[in-house]
Amino acid sequence: MREDARRQATFTQYSSGGSQMYMEQENDWDRDLLLDPAWEKQQRKTFTAWCNSHLRKAGTQIENIEEDFRDGLKLMLLLEVISGERLPKPERGKMRVHKINNVNKALDFIASKGVKLVSIGAEEIVDGNVKMTLGMIWTIILRFAIQDISVEETSAKEGLLLWCQRKTAPYKNVNVQNFHISWKDGLAFNALIHRHRPELIDYEKLRKDDPVTNLNNAFEVAEKYLDIPKMLDAEDIVNTARPDEKAIMTYVSSFYHAFSGAQKAETAANRICKVLAVNQENEHLMEDYEKLASDLLEWIRRTIPWLENRAPEKTMAEMQQKLEDFRDYRRVHKPPKVQEKCQLEINFNTLQTKLRLSNRPAFMPSEGRMVSDINSAWHNLEGAEKGYEEWLLNEIRRLERLDHLAEKFRQKATIHESWTAGKESMLTQKDYETASLSEVKALLKKHEAFESDLAAHQDRVEQIAAIAQELNELDYYDAPSVNARCQKICEQWDLLGSLTQSRRESLERTEKQLESIDGLYLEYAKRAAPFNNWMEGAMEDLQDMFIVHNIEEIQGLITAHEQFKSTLPEANKERESIQAIQAEVQKIARYNGIKLSGNNPYTSITPESIDSKWDKVQQLVPQRDKALQEELGRQQSNDHLRRQFANQANVIGPWIQNKMEEIGRISIEMNGTLEDQLTHLRQYEQSIIEYKPKIDQLEGDYQLIQEALIFDNKYTAYTMEHLRVGWEQLLTTIARTINEIENQILTRDAKGISQEQLHEYRASFNHFDKDHSGVLAAEEFKACLISLGYDVENDKQGDAEFARIMGIVDPNNSGAVTFQAFIDFMSRETTDTDTADQVIASFKILAGDKNYITAEELRRELPPDQAEYCIARMAPYSGPDAVPGALDYMSFSTALYGESDL
């Protein structure tokens, strides 16, 4: 017995570092149990059941462990089943030599797996040596069922023990410290089953003082539901002071392997859940982007036709209302859309960063909703907005001009109609037929004076026609009434010309018979008529409306008025001379006793009318002075508004430009950590936002300028439109720069990049960014890669590698590499991420090594929402081994990473 024990203790050694440990365990066990033959019975039963659990896969089994392995055939078959490898072809002979050769082939295979067999040969197995046969089977169990168990860096027996302790820790009355006494009451077996399959055992009903019931319950449940054959009898364990350790370890290892598949499935399910959660979040962000982009594009689509509507209005009040509506659009409706556009770009950049960090393909918005499409639509909106404002101002100028011309037309037409009143009846009368010679001569002279007056009025008629034509060209809304009045004036003027010619001919026919003429009357008439016409022209000019847009124009009118005033003394002398002629007539008549028959026969212009019109001119001069001075004051006020706007605009414009340049410098400098830079930028953003009241104040000044109808400003090159665009660009730039820093922090935290690495990346990037543009051209990026040790020199292999890298950092082929794309590439080169192969492997575990998976398996292993997510997106599996309801998880996994389409 001692010799057998010595051989049993030394027959197996492992070539690995744990071999001595197993030897020590076996020596201890032999010393304790050699006195108790119960160990042999337990090992026989346990090892026989363990072998049959594998041999039944090949359609066979053993009844007697020391007899059925003697010919080596079932031993070789057992090794093929548990290893999954083919052994050399066995010999089918019945002779002893054939059996020894077969057993040697099995022992050689065991030795090839790193097991060193000592003091055991094929003869002992062929001879049916029980101890050697059991020892050999234990060696096989250690090597193929226990050695590969690994739990938290412990393996084999220690790993299996630790696994049992971890799984049974929450259960009362269970304290696993070994593989013998700790299992006698059966609670540890039941705890293992309940931990993994709680529906199979009601653990609370088990009692520690009833070990036989506990053990039988565990063994029966394991055999019925877990496919673990019954390897021991409950009575053998309970009735033994110390159950056989090898038998218990063999039995427990079967539980470990039965449940390890569930652990793998749980791990695989967790990995898939993680991947699907990331995918679902990204899809939610994509849907948010699509909705926000659609809403913004729809608003732009509705707004542009309104801005492109050029239907003119008839009155200034209607156009002023349009201008007020446009101001409401600028102040109320557009600013929120500017914020939405900025937020849309920020959301798009954040989504792309998350996709890169999760190793997903870049997000491509649906057609027409790209950021570039939104920028293009926004550009069209601003173009339409600028054109609409210019059109509004031009229309206001046009209507102002039309109102002025229409009033001027009405004034001149009224004066002309007043002058022509009665002229037609005068020219058609036959008074010369009964007149004396002197009267006829007087009538002829009077007619000559009328012709002179008629010629003097020719300019006014031409002016009336020219004004009417200009009103038509400017599309005056009341052009038909203007044209009708102008047509009537022109027709009447033609008629007057014709009548004037007819009357002259009549007078000339009778002139030969009439010789009496009064020289003084004639001289009076000739001088009074032009003077009277001059006064009427002066009164018309003094009452003429004027429109000016700057100080220079009003000063020009004032200068012209002063020049007119300087001619008044000479005009007064002429008036006095004309009045002296009439006085001379009266003097001669009194002196010669002549009784005048009536007014001057040569003219209807009386001295009283001349004096009356002269007095009217004298009254109109100071009124004109006042009107010009009031207009001068208004233009001076307008000039003050121009200067006030210019003083602010000339400060705000350079301030905006300076802030844009400072933001550009901050984005490429490396001052402090990313958090410091982010804090600095947010403080900087706050300082910019605090500047908004000055922009609002400037808007107020600009509104005053528009209300004053000021259309130019020589004191500044900045327009409100330029400053608005600059302000919006400044807000967008600081928000975009903050978003870039936040994405860098997100990349750093997700990839585990240190602050020193980020500084190194930024230093390398800035070194090759020669023009400080914030992006690297292709050649600059290649030089940067070479400096970092990448082999992208100008040869075939280097060009291919560089093209591959450019495809990663510049997927849109823009020819430029941003710093965010650069750090994404550098972090991808140095960190590990989930891959499509890892996800495929996880699905394969859930599918039980099948090339497809079913909806039932997905619902069993995954949370409900993510299981339904997969089922909805997986295509039917069409492989040769397909079954009804089979789903293709391989194409689904590769689609998650952009390698194919769902």
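Predicted, not measured: the structure shown is a model, and the values here were computed from it. (Residues numbered from 1 in each chain as written. Predicted model: local features only at pLDDT ≥ 70, side-chain atom pairs only at ≥ 80, totals over all residues. Heavy atoms only, no water.)

1. A few points about the overall build of the chain
Using the following cut-off: The secondary structure listing takes helices from DSSP runs of H or I that are at least 4 residues long and strands from runs of E that are at least 2 residues long, numbered from the N terminus. A simple rule labels every residue: compare its accessible area, found with a 1.4 Å probe on the protein chains alone, to the largest value its type can have, and call it buried under 20%, exposed over 50%, or partly exposed in between. Throughout, a residue-residue contact means that at least one pair of heavy atoms, one from each residue, lies within 4.5 Å. Here the open area of atoms and residues is found with the Shrake-Rupley method and a 1.4 Å probe, where only the protein chains shown may cover a residue.
Each helix and strand counted, the chain has 34 helices and eight strands in total. The buried share of the chain, reckoned over its 902 residues, is 46%. A sequence separation of at least 24 residues applies to 74% of the contacts in the chain between residues at least 6 apart. Surface exposure of the chain reaches about 44800 Å², of which carbon and sulfur atoms provide 50%.

2. A few points about the pattern of salt bridges
Rule in force here: Put simply, a salt bridge is a Lys or Arg side-chain nitrogen that is within 4 Å of an Asp or Glu carboxyl oxygen.
One pass over the structure, following the stated rule, counts 62 salt bridges. For Arg-634, the salt bridge goes to Glu-631, with nearest N and O atoms at 2.8 Å. Here Glu-631 and Arg-634 lie together in helix H23 (residues 607-668), a separation of three residues that amounts to about one turn. When salt bridges that share partners are traced, they join Arg-330, Lys-334, Glu-382, Glu-385, Glu-699, Glu-721, Arg-724 and Glu-728 into one network.

3. Side note on the UniProt feature "domain: EF-hand" (unreviewed entry) in the chain
The line we're drawing: UniProt positions are given in the numbering used here, feature names are shortened, and annotations may be inferred rather than shown by experiment.
Residues given the UniProt feature "domain: EF-hand" (unreviewed entry) here are residues 756-791 and 797-832. Taken end to end, residues 756-791 is 64% helix and 8% strand, and its two terminal C-alpha atoms sit 24 Å from one another.

4. Examining the packing of aromatic side chains
Which entries qualify depends on this criterion: We call Phe, Tyr and Trp rings a pair once their centres come within 6.5 Å, taking the six-membered ring for Trp, and we label the pair stacked below 30 degrees between planes, edge-to-face above 60, and tilted otherwise. Note on geometry: a ring has a charge over it if NZ (lysine) or CZ (arginine) is within 6 Å of the ring centre and within 35 degrees of the ring normal.
Across all of its chains, the model carries 28 aromatic pairs by this definition. Summarising the aromatic geometry, the rings of Trp-655 and Trp-727 are spaced 6.5 Å apart at their centres and angled 25° between planes, so their arrangement reads as stacked. In this pair, Trp-655 is assigned in helix H23 and Trp-727 in helix H26 (residues 720-751), connecting sequence segments 72 residues apart. Here the two residues Trp-655 and Trp-727 agree in accessibility, since each one is buried. Between the aromatic rings of Phe-843 and Phe-892, the centroid separation amounts to 6.1 Å while the plane-to-plane angle is 80°, which identifies the pairing as edge-to-face. Taken as a pair, Phe-843 in helix H31 (residues 836-846) and Phe-892 in helix H34 (residues 889-896) lie far apart in primary sequence, 49 residues in all. Judged on exposure class, the residue Phe-843 and its partner Phe-892 are both buried. These aromatic residues form a ring-pair network of at least three members: Phe-179, Trp-183, Phe-189, Phe-219, Tyr-251, Phe-255 and Phe-259. It is Arg-143 that lies over the ring of Phe-144; its NZ or CZ is 5.2 Å from the centre.

5. With respect to the environment of Gly-774
Mapped onto the secondary structure, Gly-774 falls in the loop between helix H27 (755-768) and strand S5 (775-777). Remark: the alpha-carbon pair of Gly-774 and Ala-816, spanning 42 residues in sequence, is separated by 9.7 Å.

6. Things to note about unusual backbone geometry
We note that Leu-709 has phi near 60°; this positive angle belongs to a residue other than glycine. Here Leu-709 shows up in the loop between helix H25 (692-707) and H26. At Asp-849, a position not held by glycine, the phi torsion is positive, near 70°. Mapped onto the elements of the fold, Asp-849 is located in the loop between H31 and strand S7 (853-854).

7. Considerations on the nonpolar core
Selection criterion: Residues belong to a common nonpolar core when they are buried Ala, Val, Leu, Ile, Met, Phe, Trp, Tyr or Cys residues joined through side-chain atoms within 4.5 Å.
Ile-140, Trp-183, Phe-189 and Phe-255 are the most contacted members of the largest nonpolar core, which has 80 residues in total. Setting aside chain neighbours within four positions, we find Ile-140 in contact with Trp-50, Leu-75, Leu-79, Ile-82, Ile-110 and Ala-145. If you look at the next biggest cluster of nonpolar residues, it comprises 50 residues, including Leu-681, Leu-730, Phe-765 and Phe-781.

8. Topic: the packing of helix H9 (residues 156-168) against helix H10 (residues 187-196)
Put simply, the rule is: Lines are fitted to the C-alpha atoms to define the axes, a helix being fitted only along its stretch in contact, and any angle between axes, read from their N-to-C directions, falls within 0 to 180 degrees. Any angle that is under 35 degrees is reported as roughly parallel, and any over 145 degrees as roughly antiparallel; angles of 65 to 115 degrees are reported as roughly perpendicular and all others as oblique. Less than a right angle of anticlockwise turn of the near helix away from the far helix marks a crossing as left-handed, whereas a clockwise turn marks it as right-handed.
Between H9 and H10, the least distance of the axes is 9 Å, while the angle of their chain directions is 70°. When the axis of H9 is compared with that of H10, the two are roughly perpendicular. The two elements H9 and H10 meet at a crossing, and its hand is left-handed. Along the contact surface, H9 presents Trp-163, Cys-164, Arg-166, Lys-167 and Thr-168, while H10 presents Ala-188, Ala-191, Leu-192, Arg-195 and His-196.

9. Focus on the packing of helix H6 (residues 96-112) against helix H8 (residues 130-146)
Formally: Any residue that is not Ala, Val, Leu, Ile, Met, Phe, Trp, Tyr, Cys, Pro, Asp, Glu, Lys or Arg is counted as polar, Gly included; the first ten are nonpolar and the last four charged.
Look at H6 against H8: their axes get within 11 Å of each other, and the N-to-C directions meet at 35°. H6 and H8 meet at a crossing whose hand is left-handed. Residues Leu-107, Phe-109 and Ile-110 of H6 lie in contact with H8, whose contacting residues are Met-136, Thr-139, Ile-140 and Phe-144. Split by residue class, the contact of H6 with H8 holds six nonpolar, one polar and no charged.

10. Brief notes about H9
Note the following rule: Here a helix's expected span is defined as the number of its residues, less one, multiplied by 1.5 Å.
With 13 residues, H9 should reach 18 Å at 1.5 Å per residue; the first-to-last C-alpha distance of 18 Å fits that figure. Among the 13 residues in H9, ten count as buried, and that is most of the element.

11. Description of H10
One turn of the α-helix equals 3.6 residues, which is why residues spaced by three or four share an orientation. H10 sits mainly inside the fold: eight of its ten residues count as buried. All buried positions along H10 are accounted for by Leu-187, Ala-188, Phe-189, Asn-190, Ala-191, Leu-192, Ile-193 and His-196.

12. Structural notes on the side chain of Asn-190
Its location among the elements puts Asn-190 in helix H10. Excluding anything up to four places from it in sequence, Asn-190 contacts Ile-201, Tyr-203, Leu-206, Asn-214, Asn-217 and Ala-218.

13. A short note on the confidence of the model for the chain
The line we're drawing: Values of pLDDT, which run from 0 to 100, indicate the predictor's confidence residue by residue.
The predicted model of the chain has a mean per-residue pLDDT of 81, with 89% of residues at 70 or higher. Taken as a whole, residues 1-35 scores under 50 in pLDDT and shows 64 contacts with residues more than four places along the chain or in a different chain. Considering only residues more than four positions removed or in separate chains, one finds that residues 513-517, a stretch of pLDDT under 50, has 17 contacts.

14. Comments concerning the environment of Ile-845
Counting through the fold element by element, Ile-845 comes out in helix H31. Relative accessible area serves as the criterion here: at 36%, Ile-845 is assigned to the partly exposed category. Distance from Ile-845 to Ala-268, taken between C-alpha atoms, is 6.7 Å for residues 577 residues apart in sequence.

15. A look at the environment of Leu-187
With respect to the helices and strands, the residue Leu-187 is situated in helix H10. Between the C-alpha atom of Leu-187 and that of Asn-217, which follows or precedes it by 30 residues, the distance is 9.9 Å. The residues contacting Leu-187, other than those within four sequence positions of it, are Asn-173, Val-174, Tyr-203, Leu-206, Lys-208 and Asn-214.

16. Looking at the state of the cysteines
Here is the rule we go by: Cysteine sulfur atoms that come within 2.5 Å of each other are treated as a disulfide pair.
Considering all chains together, one arrives at zero disulfides under this definition. Cysteine Cys-486 remains unbridged, with the sulfur of Cys-490 as its closest cysteine sulfur at 4.1 Å.

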